[in-house]
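Below are the chains, spelled out letter by letter.
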Amino acid sequence: MTKHLLALALTLLMAAPVHSKVRLPHVIGDCMILQQQAEARLWGWAKPGSEIKVSVSWSKKVYRTKTGEDGKWLVKVLTPAASYTPLSISFDDGEKVTICNVLAGEVWVCAGQSNMEFPVRGFNNCPLENYAETVASANDYKGIHYVKVPSVMSMTPLEDADCNWQTVNPATVSECSAVGYFFARVINKALEIPVGLVIANKGGTRVESWLDRDNLRKYTSESLDSSEMAHRFSESYHYPLLWGNGTFHPILNYTVKGILYYQGCSNVGDPANQYSDRLRLLADQWRRDFQLGEIPFYIVQIAPYVYGDGLDGVSGALLREQQVRAADIIPHSGIVCTNDLVYPWEKSQIHPCRKQPVGERLAYLALNHDYGLKNLYCESPRFKEMEIGGDTCYVRLKNDFGGISRFEDIEGFEVAGADKVFHKATAGHFWRPGRDARNETIFVTSPEVKKPVAVRYCFKNFQVGNLKNNANLPLLPFRTDNWQ
């Protein structure tokens, strides 16, 4: 090419309009679920200073915005009521990008550590109960989609993650969070609407793994130097800050209904109220960052497991106690008890196989608290108060919903005297022959404790009780003492 022709070509190139196609974050794409009847945020990147037009198939309204100097843009679009009608959205800065097969429905985040990450296919040596049936029946549930955010670390907050939405069917369901999927199935059937799951979690993480830099600096003594983290922790999944930056931050612009949180095992042994205070801090942080107000935050209590202090130790019980406290101090929250969801042979299995009831119990909380099904009992019974008369402790419960489901052979209670030594106890109902009729009362006695002062229920690392309420939900483990 001669110098003249080269100069002409460069001139024509400079005179031609230059378009850089709109780039979307991976979490915005085909088959996504939009939070219904909301101002859903859509965002991305394009050439700095360019105009972005966003058109939606359910409305004639065209949304317009301009990119900043950093090329970022964001719009809020009004979404329709939930339905199974496929929708599309177009983004245009001169070169159109369209995403298809979008549905409007309810969107929930699945956060926490490995028991939330636990997929339908299970982990190595950690199977899901009823796995084959779950996979084979996936087509019975239409409109459940999920996006799995890869678990990555970052010293700085990431704005995108390499992920894509999947439509649940027998070929795809195995990679979905089992707890999340069973939650979605109940919501999907009860409300007859699509459900989207945004799965952002990492096995083994501590609550500090998800707190941001400002909160860690202000409220903890965690080192934020990567070399010091590596020196302190033998496993990277215990690192503070990095998992929140890399795995959770990319979804914070997404418009969601609420958060399901299953985490705590790696914080066993934390002192006093530290865990519950930091979990509230995390809930506040995520609510602030999602900019959606006081969205629901539902907690799963860690299951019975043999922790470092052995089968009869209480380190796990103390963490469960902290989780109950967290549910009490975090507004618009709730807690799911899992005390009854392990088999005896799972005492050293950190990933129990019974995930279906966990997801279903989370769904009952949501249906009652967020979707108006007030006649659906969703709370586990809890300790209310205790009186002592002679050699007998009278334990009153709340959230029994009209009765206790165990007629005979109640297991899980222990009683202690002033020596603080606990002994296995016999427990019975208020209607047991020969007893006074005291509403919502359980009688607890032990022949070895003539002058009882304290009662515990399943307050050990691995102790499975059998007392439930009229909704067949298990009694939350508790203690009436505050002994160390």
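Numbering of residues begins from 1 in every chain and follows the order in which that chain's sequence is written. Local features are withheld for residues below a pLDDT of 70 in this predicted model, meaning they are given only at 70 or higher, and side-chain atom pairs are given and counted only at 80 or more; totals for whole chains, interfaces and linings count all residues. Side-chain figures throughout are based on the complete set of non-hydrogen atoms in the structure, without hydrogens or water.

S.K.: Residue-level account of the sheet that holds strand β18 (residues 426–429), with values.
M.R.: In this analysis, strands are considered paired if DSSP registers two or more bridges between them. The helix and strand labels rest on DSSP assignments: H or I over at least four residues marks a helix, E over at least two residues marks a strand, and numbering proceeds from the N terminus. Read across the open sheet, the 4 strands follow the order β14-β15-β19-β18; overall the sheet is antiparallel. Looking at which strands have only one partner, the edges of the open sheet turn out to be β14 (382–389) and β18. Averaged over all pairs of adjacent strands, the angle between strand axes in this sheet comes to 25 degrees, irrespective of strand direction. Alignment of β18 against strand β19 (residues 441–445), held across 4 bridges, turns out to be antiparallel. By the bridge assignment, A427 is partnered in β19 with V444. Only the stretch in contact is used when fitting a helix axis, every axis being a line fitted to C-alpha atoms; angles between N-to-C directions are given from 0 to 180 degrees.

S.K.: So what's going on with the sheet that holds strand β16 (residues 413–416)? Residues and values would help.
M.R.: The 4 strands are arranged β17-β16-β20-β21 in an open sheet whose pairing can be described as antiparallel. At either margin of the open sheet sits one strand with a lone partner, and together these are β17 (422–424) and β21 (478–479). Of the strand pairs in this sheet, β16 and β17 are connected by 3 bridges, and their pairing is antiparallel. When the sheet's bridge partners are listed, A416 is paired in β17 with F422.

S.K.: So what's going on with the side chain of S177? Which residues, and what values?
M.R.: Summarising the element assignment, S177 is placed in the loop between β9 (165–167) and α4 (178–191). We define a polar contact as two N or O atoms separated by no more than 3.5 Å, with the added condition that, inside protein, one atom must be a possible hydrogen donor and the other a possible acceptor, whereas residues neighbouring each other in sequence contribute only through side-chain atom pairs. Only 2.7 Å separates the side chain of S177 from the backbone oxygen of M116, close enough to count as a polar contact. Of the polar contacts made by the side chain of S177, one reaches the backbone nitrogen of G180; its length is 3.1 Å. Whether two residues are in contact is decided by their heavy atoms, any of which lying within 4.5 Å being enough. Excluding its chain neighbours within four sequence positions, the residues that come into contact with S177 are M116, E117, F118, P119 and I199.

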